[in-house]
Amino acid sequence: GKLPREVVREFMAEAYARGQGGTAQRVWFARDAADNAPAAQDRRDGAPIPDAVREVIGQGMTVVVIHRIGPARGEAAQDVIDVFRVKDGRIA
């Protein structure tokens, strides 16, 4: 299987660099995943979203990504701290 950092990196590449957030969510999120931002722009398919990762911290099955999401899809830029928990190769 993939390490938690790899799971999160692949989700983010699909959601941000390729703009396929809806697809990425279906592929990388567990069916019963607890998602605190289900309407976020990175959960929808569309144009790529500019994203600059500042720091990635991994501890066990938890990955924290500190990043700046550039302005896209009618939304302003924002600094974000995302916390992902990975279980069985999926974001839980």
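Given the structure is predicted, the values throughout are model-derived calculations rather than measurements.

Caption draft 1: Examining the pattern of salt bridges more closely. One pass over the structure, following the stated rule, counts seven salt bridges. With a shortest N-O distance of 3.1 Å, E14 and R18 are connected by a salt bridge. According to the relative accessible area criterion, E14 is buried, its value standing at 19%. The exposure class of R18 is partly exposed, given its relative accessible area of 45%. Across the salt bridge formed by E75 and R44, the nearest N and O atoms sit 3.8 Å from each other.

Caption draft 2: Up close: the side chain of E14. Mapped onto the elements of the fold, E14 is located in helix α1 (residues 4-17). For E14, the side chain forms a polar contact with the side chain of R18, separated by 3.1 Å. Once residues lying within four places of it in the same chain are set aside, the contact partners of E14 are G19, Q20, G21, T23 and A24.

Caption draft 3: The environment of R26, seen in detail. By the element assignment, R26 lies in helix α2 (residues 21-28). The exposure class assigned to R26 is exposed, which follows from its relative accessible area of 61%. Distance from R26 to R43, taken between C-alpha atoms, is 9.3 Å for residues 17 residues apart in sequence.

Caption draft 4: Structural view of the side chain of D42. Along the chain, D42 falls in the loop between α2 and β1 (51-59). A polar side-chain atom of D42 sits 2.4 Å from a polar atom in the side chain of R43. Those residues in contact with D42, other than ones at most four positions away along the chain, are F11, A15, Y16, G21 and I49.

Conventions and cut-offs
- Residues numbered from 1 in each chain as written.
- Predicted model: local features only at pLDDT ≥ 70, side-chain atom pairs only at ≥ 80, totals over all residues.
- Heavy atoms only, no water.
- Salt bridge = Lys/Arg side-chain N within 4 Å of Asp/Glu carboxyl O.
- Buried < 20%, exposed > 50% of the residue type's maximum accessible area, 1.4 Å probe, protein only.
- Helix = DSSP H or I, 4+ residues; strand = E, 2+ residues; numbered from the N terminus.
- Polar contact = N/O pair within 3.5 Å; in protein donor to acceptor, adjacent residues only side chain to side chain.
- Contact = heavy atoms within 4.5 Å.

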